[in-house]
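Take a look at the letters that make up each chain.
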Amino acid sequence: MNIAWFDKWKKFTGYADSNDAAPEPDECDSPPGEIDNTSLMEGKQLRPNLLVNADVVFIPESLWDLFSCTYGCCHKDTEIFKRKYLKASTGKLSLDLYPSNICLVEKNNKDHKLEETFCNAETIGHLKSVIRKARHYEHCDIRLFDPKVGEEVKAGDDFTLQEACLDGTRVSFEFCDLKFYGKILSLCLNRKNSVGDICQR
């Protein structure tokens, strides 16, 4: 909800948050009017870079319905304003204004894409596990790249998407088959041992 509308409602009713002193209602204060989030919009989408508790405020859906019933709402379709708690693989719940809608694209194979929505509290490690599962790369090391900066993502697997600044829409990745490299290493070691045996003889 537009925080400007919410502040106007608080002033009109004298409502105060638990940490704030209740303002004295003023007879000159007019009702807030219809709920209007137009200033938060850019076309049919939310404007980028909006801040919670500065531009918008989260309220329960039941309170939105009460406000809408009491004061009206200028928006016929309100789905774009709805947000829900998303649960990360760690069990942490996250309520995000901008959930991470990520398009995963294999670096050397642009035809295959994987699109998913993750909460911003999700980890880099989980993102890699999703790639492994989708591509059947059970024994692979996954490297992620952020096209926005053109660099490899150096954040560790326990970093969240928000901490790693992966809240964009496109992440590319590449992989190396650890099982394959393990076989090569094993062959090299066996050959080295065989040569050592010959030299000793």
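Cut-offs and rules
- Residues numbered from 1 in each chain as written.
- Predicted model: local features only at pLDDT ≥ 70, side-chain atom pairs only at ≥ 80, totals over all residues.
- Heavy atoms only, no water.
- Helix = DSSP H or I, 4+ residues; strand = E, 2+ residues; numbered from the N terminus.
- Buried < 20%, exposed > 50% of the residue type's maximum accessible area, 1.4 Å probe, protein only.
- Contact = heavy atoms within 4.5 Å.
- Areas by Shrake-Rupley, 256 points an atom, 1.4 Å probe, with all protein chains shown as cover.
- Core = buried A, V, L, I, M, F, W, Y, C linked by side-chain atoms within 4.5 Å.
- Arc of directions from axis to C-beta.
- pLDDT = per-residue confidence, 0-100.
- Disulfide = S-S within 2.5 Å.

(A) Here's a closer look at the overall build of the chain. The number of helices and strands found in the chain is four helices and nine strands. Taken from N to C terminus, the helices and strands of the chain fall in the order α-β-β-α-β-β-β-β-α-β-β-β-α. Sorting the 201 residues of the chain into buried and exposed places 33% on the buried side. Considering only residue pairs separated by 6 or more positions, the chain has 62% of its internal contacts joining residues 24 or more positions apart. Put simply, the chain shows about 13600 Å² of open surface, and 51% of that area lies on carbon and sulfur atoms.

(B) Quick peek at the nonpolar core. If you look at the biggest cluster of nonpolar residues, it comprises 19 residues, and the most contacted ones within it are L104, I124, L127, L144 and L166. Broken down by secondary-structure element, the contributors of at least two residues to this core are β5 (100-106), β6 (109-118), α3 (124-135), β7 (140-146) and β9 (170-177). A total of four residues in this core trace back to one element, the largest contributor, which is α3. Beyond its immediate sequence surroundings of up to four residues, I124 is in contact with L144, V153, A155, G156, D157, F159, L161, A164 and L166. Core analysis: the next-biggest nonpolar cluster, separate from the first, contains 18 residues, I3, W5, W9 and V57 among them.

(C) Geometry of helix α1 (residues 3-13). Burial in α1 covers these residues: I3, W5, F6, W9 and K10. Looking straight down α1, one finds its buried side chains confined to an arc of 155°; they lie on one side. In this fold, the buried residues of α1 make contact with α2 (61-71). After α1 finishes, the residue G14 shows a positive phi value of roughly 80°.

(D) Layout of the confidence of the model for the chain. The share of residues in the chain with pLDDT of 70 or more is 79%, and the mean pLDDT across the chain is 81. Per-residue pLDDT, averaged within each element of the chain, yields its smallest value for helix α4 (residues 178-200) (46) and its largest for α2 (96). Low pLDDT, under 50, characterises residues 178-185; the predicted model gives this stretch five contacts beyond four residues in sequence or across chains. Note on residues 194-201: pLDDT is under 50 here. Beyond four places in sequence and across chains, it has zero contacts.

(E) Broad picture of the state of the cysteines. Counted by the stated rule, this structure contains zero disulfides. Here C73 is not disulfide-linked; the sulfur of C74 is the nearest cysteine sulfur, at 5.6 Å. Taking relative accessible area as the criterion, C73 reaches 18% and is therefore assigned buried.

(F) Highlighting unusual backbone geometry. We note that N49 has phi near 70°; this positive angle belongs to a residue other than glycine. Within the fold, N49 resides in the loop between β2 (45-46) and α2.

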